[in-house]
Amino acid sequence: MRSLVDFEEGVEKVLSRLARKAAFADVLLQGGHGVTVRVDSKLFDVSAEPRLQGAVFRLWAGERWIEAASSDLTPTALERCAELLERGLGRVGGPGAAPGSASTVREERATSSARPLSEMAPESLLALAKEARGWGLSQPSIAEAQVRIFRSNDQRLYLNSAGARCLQTIDRAVFVVAPIAMENGKAETEPLVRGGEGGQELFGELTEENVLTAARRSKELLSAKSPPTGEMAVLLDPSVAGLFAHESFGHGTEADQFTRDRSYLKPLLGSEVGPPSLTIVDDGSYPNGWGTLFFDDEGHPGQKTKLVDAGRFTAALHDRETAAAFSTRATGNTRRSDFLSRAYVRMTNTYVEPGELSLDELVAETKNGVILERGTSGIEDPLGGQMQLKVKAGHLIENGKITDLVGSMALSGSVLKFLRAIRGVGVRGEFRIESGFCGKGHGDYIPVGSGGVYLLSQAVVGPA
Amino acid sequence: MSDPWRSGPTAAERVAERLRLEPPWEVFAEEADRYEVYLNGTRVELVRGPIAIEGYGLRLLRPSSGKLATGFQASTNFSDAGIAEVIADAEAVLRHSEFPAAKAELPSGGGGSPSVQISDPKLWEDPARAVEEYVTELSNRFSGRTNVVLSFGAIRTTRVRTSLVNSSGLRRSYEHTLVSRELAIKASGGPEGSPAGEYWVDEGARRLETGSLGSEVDAWCRYAADARRAVAPPTGELAVVLPTTVLSGILPPVVGLRCSGVGRLRNLSPAIDSTIGSENLTIFDDQAYPWAQGSAPFDGEGTSAGRPTVIERGVLRGLLYDSLHAAAFGQRSTGNATRAGLAPREWLRFLHTPSSDVSTLVVPPGSGGSDEELIEQAGDGLWVQQLGWARPDPISGAFGGEIRIGYRIRHGKLAEPVRGGIVGGVAIAPQGAPSLLTRIAAVGARTELSESLASPACLVRPLTVAGN
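It should be emphasised that the depicted structure is a prediction, and the values quoted were computed from it without experimental measurement.

Turning our eyes to something else, we now look at the domain arrangement of chain A. All names here are of chain A. Domain parsing of chain A yields domain 1 (4-33 + 45-108), domain 2 (109-156 + 165-220) and domain 3 (230-463). Once you take the C-alpha centre of each, domain 1 and domain 2 turn out to be 36 Å apart. Taken together, the contact pairs 15 residues of domain 1 with 14 residues of domain 2. Carbon and sulfur atoms supply 50% of the area that domain 1 and domain 2 bury against each other, a total of about 1400 Å² over both sides. Summed over the three residues of domain 1 that lose the most area to domain 2, namely His33, Glu107 and Glu108, the buried surface amounts to 35% of that side. The tally of links between domain 1 and domain 2 comes to three salt bridges. The residue glutamate 8 makes a salt bridge to arginine 165 at a minimum N-O spacing of 2.7 Å. Applying the counting rule to domain 1 against domain 2 returns eight residue pairs in polar contact (both at pLDDT 80 or more). When residues of the side of domain 1 that touches domain 2 are traced back to their parent elements, those giving at least two are β1 (25-39) and β5 (106-110). Of the residues forming the side of domain 1 that touches domain 2, the biggest block, six residues, is contributed by β1. Of the residues assigned to the side of domain 1 that touches domain 2, the class counts are six nonpolar, four polar and five charged.

The structure is reproduced here in structure tokens:
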């Protein structure tokens with residue numbers, strides 16, 4: 001596979017041509033590949049991730065952006081992109097500078113590791129997957145253990161007419177071990193999932209002990225009680241607190257929703273939304289995070305932004321256009337899924353910072369309610385401010401003690417009411433960040449991290 | 001279609017003619033260009049297009065110690081060097097793979113394929129113009145309305161030429177169009193002073209139709225306005241009516257795993273002839289359903305479209321197979337080889353190796369009557385117009401989601417709007433255990449197409465609702 005830099009000269013030529021016609025032009029050259037290994041008791045499958053490469057050009061056309069993209073990086077195809085954009089410019093273009101400040105950063109960054117993922121041959125990944133499957137299957141009642149290991153290399157070269165040149169190469173890996181417990185036609189699994197940016201050290205948590213714990217939990221879920229139903233005290237584990245920070249709160253802080261008047265949080269910027277113990281952060285520079293990036297897709301460096309600082313909603317996430325609209329600076333959150341997708345304001349690694357209460361203290365404070373464990377998915381409601389979070393399992397809390405295991409459930413309610421009802425934030429010892437994929441509305445999936453610490457509040461719970 | 005956009009040899013042919021490989025092998029390719037318009041209110045904020053991509057996936061199959069080794073690689077590089085790289089990748093991964101079938105036969109192209117309605121002529125001929133006209137019409141439908149606006153819109157269209165060539169002599173292609181509409185309708189202001197309400201549309205289709213836009217916009221605006229005055233539902237076991245748009249988020253993913261070769265291979269499928277649904281429920285998979293996103297003259301391996309029955313009056317009658325999973329059980333492919341990935345990118349199927357899944361599930365009309373008659377039969381319960389995300393767990397079969405907008409049913413009539421709270425349960429369960437499928441008390445008479453499901457609304461009695 002050719003390096004993106006091999007295409008730089010041709011792309012730069014087209015960019016210069018476009019920059020002569022428009023107030024601003026930029027291009028993202030993007031390519032990637034990787035390896036996925038899937039193993040279960042029936043099949044071994046190693047697949048090479050697609051060798052995809054392409055470029056997307058963007059122009060400011062006076063009152064709107066226009067874009068064209070191509071997977072064909074030959075000079076003829078790139079010139080065709082330019083011609084079509086110039087035609088589009090002729091139809092709608094007018095004078096006027098592009099909104100906001102363009103990046104002028106010129107830098108090259110790459111994932112650094114003493115043991116790079118690229119040095120891990122498919123045979124080694126397969127051996128690791130087979131070993132993990134063996135650990136899972138060693139437990140009684142585990143009828144099947146599915147293992148998936150994925151490593152990828154994402155390379156992006158951003159150039160713009162203001163002189164920015166940002167080349168970044170990011171290595172990521174994730175593993176999923178799903179021991180499936182079966183009994184009388186019923187099946188349950190609680191997978192072990194870990195991922196991040198970095199090298200082979202990312203597989204450090206793929207241990208026998210962790211797989212056996214996942215297997216035991218999967219088996220226990222077969223006899224889990226039905227979850228409680230109705231409004232009650234809820235204690236979110238770090239994975240669910242992270243889902244809350246990302247899905248329920250974070251999406252409302254993406255300032256492109258502010259410009260559309262489509263965020264329930266817009267009028268609350270600067271206001272107190274939660275207790276002083278609550279701080280929520282988005283951090284594109286978080287070390288080895290699954291959502292970590294060196295530069296966003298407008299050439300701004302990844303950074304840490306405190307969305308909520310000691311209970312006060314202090315900042316939103318911005319691209320250059322929304323930053324201009326709100327007289328602030330871009331926050332390094334402009335992301336494209338790949339060269340085929342548009343750029344949106346997106347999160348990176350979003351989490352709840354540690355507070356002061358231990359898990360025992362939070363359980364005692366809950367008195368009666370439920371712990372929600374192992375968040376699996378959530379969906380945003382940027383205007384309505386409602387939340388939906390789904391979890392794999394939980395435990396009842398009765399008279400200040402953790403009691404019975406309960407099955408999968410969902411959490412619902414008003415985000416603002418939930419924030420105001422927060423009664424406790426967990427300590428650093430419980431802190432962790434998990435890996436997932438975020439879609440904005442219809443799709444455009446990107447890797448994001450989410451997590452934090454335990455969070456105690458009040459919400460509606462039901463089966464799901 | 002004679003558009004010069006795609007004429008001459010297909011992408012699969014351009015790759016296949018340069019292959020010198022031991023059979024069996026298969027090349028699946030797509031040539032796509034995409035046009036998108038994004039709206040901030042009714043102002044255009046971004047116009048994209050063409051977003052042009054062409055790519056192919058090469059699959060190799062080799063017998064290996066009584067099993068089958070498969071190798072797959074996809075690429076957008078059509079140069080000789082690019083193809084050589086793809087072959088090397090596929091050969092390399094093939095050495096590490098093992099599938100439990102002695103051999104699999106790829107289709108040879110005997111017999112015909114049905115004619116399928118999957119391409120919008122206007123969109124095919126001039127996609128940029130078709131999108132622009134649609135956006136103008138859409139914006140017009142919102143003008144003059146009081147207290148309701150379009151706050152965000154994305155109209156995305158794609159025209160695709162899909163082609164397939166394999167070592168058994170099959171050489172096929174077809175043209176099709178895809179549409180996605182993502183719209184946020186916001187109700188605010190007015191004398192009531194309550195917070196703004198939103199109705200979010202996220203739909204896939206094959207055509208850009210303006211004929212029904214007026215009535216659609218009317219309904220969306222009504223849902224957005226109703227969201228402002230909605231209250232939480234009650235908690236309890238209730239009769240719930242689920243329209244097609246909600247069922248389409250539950251049935252296809254569950255049936256696609258549990259009632260397919262993939263599920264059977266992992267011991268997740270119920271036994272054939274076991275009862276897994278109510279007597280009111282019959283489901284088949286129609287691979288040529290008009291204008292459905294999953295329809296095509298042939299599947300992802302070249303098998304001609306058919307209509308396999310899955311559930312008949314509640315009894316599991318058959319599973320859905322692609323060639324490989326069929327071979328693992330001595331069965332024949334049912335034409336259900338699908339290529340899909342994480343994102344809703346039906347135009348990038350060349351990136352994925354085939355597996356078995358649904359095309360379009362069809363629930364034939366039942367005796368439940370009109371929507372009004374279903375509501376009357378519910379008596380006291382809920383009509384759930386939109387769930388946040390039902391997202392069934394493929395292993396446990398559990399599903400559930402937050403009610404984004406729904407209506408209380410009182411005395412057999414729709415009453416006040418509801419919002420918030422959770423509706424959920426188990427979609428499919430072992431024989432003898434209750435589930436969504438076994439609790440379908442009535443199937444309506446009016447069929448609608450939504451994503452991978454063509455079905456009337458269904459009355460489910462009861463479902464667990466968590467609210468106030």
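Okay, back to it.
Below, the discussion takes up the environment of A:Arg320. Residue and element names in this part refer to chain A. You can see arginine 320 is positioned in helix α7 (residues 320-325). On the basis of relative accessible area, arginine 320 is assigned to the buried category, the value being 4%. Each C-alpha atom of the pair arginine 320 and histidine 251 lies 18 Å from the other, and the pair is 69 residues apart in sequence. Non-local contacts of arginine 320, meaning those with residues more than four positions away in its chain, are made with Phe24, Arg58, Trp65, Ala98, Pro99, Gly100, Ser101, Ala102, Glu298, His300 and Ala330.

At the junction of the two partners, chain A supplies 85 residues and chain B supplies 78 residues. Taken together, the two surfaces of chain A and chain B that pack against each other cover about 6700 Å², and 52% of this comes from carbon and sulfur. Between chain A and chain B we count 10 salt bridges in total. Measuring nitrogen to oxygen at the nearest pair gives 2.2 Å for the salt bridge that ties B:Asp393 to A:Lys392. With six residues, strand β4 (residues 65-70) of chain A is the single largest residue contributor to the side of chain A that touches chain B. Grouping the amino acids of the side of chain A that touches chain B by side-chain chemistry returns 32 nonpolar, 26 polar and 27 charged. Strand direction decides the pairing type here: β4(A) and strand β2 (residues 43-64) of chain B, joined by five bridges, are parallel.

Moving on, we get to the packing of aromatic side chains. One pass over the structure, following the stated rule, counts 14 aromatic pairs over all chains. Between the aromatic rings of A:Phe258 and A:Phe326, the centroid separation amounts to 5.8 Å while the plane-to-plane angle is 80°, which identifies the pairing as edge-to-face. With A:Phe258 in helix α6 (residues 255-259) and A:Phe326 in the loop between α7 and β14 (334-335), the pair connects residues that are 68 residues apart, well separated along the chain. On the accessibility criterion, A:Phe258 (1% relative accessible area) is buried. Owing to a relative accessible area of 32%, A:Phe326 belongs among the partly exposed residues under this scheme. Taking the centre distance of 6.3 Å and the plane angle of 85° together, the rings of A:Tyr344 and B:Tyr38 count as edge-to-face. Of the two residues, A:Tyr344 is situated in strand β15 (residues 344-345) and B:Tyr38 in strand β1 (residues 25-40); the pairing between them involves two chains. For the pair A:Tyr344 and B:Tyr38, a shared accessibility class is recorded, and that class is buried. Connected via pairs of aromatic rings, a cluster forms that spans A:Phe24, A:Trp60 and A:Trp65. Between A:Lys130 and the ring centre of A:Phe44, over which it is positioned, the NZ or CZ distance is 4.1 Å.

Conventions adopted
- Residues numbered from 1 in each chain as written.
- Chains lettered and ligands numbered in written order.
- Predicted model: local features only at pLDDT ≥ 70, side-chain atom pairs only at ≥ 80, totals over all residues.
- Heavy atoms only, no water.
- Domains from an automatic or database assignment.
- Contact = heavy atoms within 4.5 Å.
- Buried area = accessible area lost by both parts, 1.4 Å probe.
- Salt bridge = Lys/Arg side-chain N within 4 Å of Asp/Glu carboxyl O.
- Polar contact = N/O pair within 3.5 Å; in protein donor to acceptor, adjacent residues only side chain to side chain.
- Helix = DSSP H or I, 4+ residues; strand = E, 2+ residues; numbered from the N terminus.
- Nonpolar A, V, L, I, M, F, W, Y, C, P; charged D, E, K, R; others polar.
- Buried < 20%, exposed > 50% of the residue type's maximum accessible area, 1.4 Å probe, protein only.
- Pairing = 2+ DSSP bridges.
- Phe/Tyr/Trp six-rings, centres within 6.5 Å; stacked < 30°, edge-to-face > 60°.
- Lys NZ or Arg CZ within 6 Å of the ring centre and 35° of its normal.

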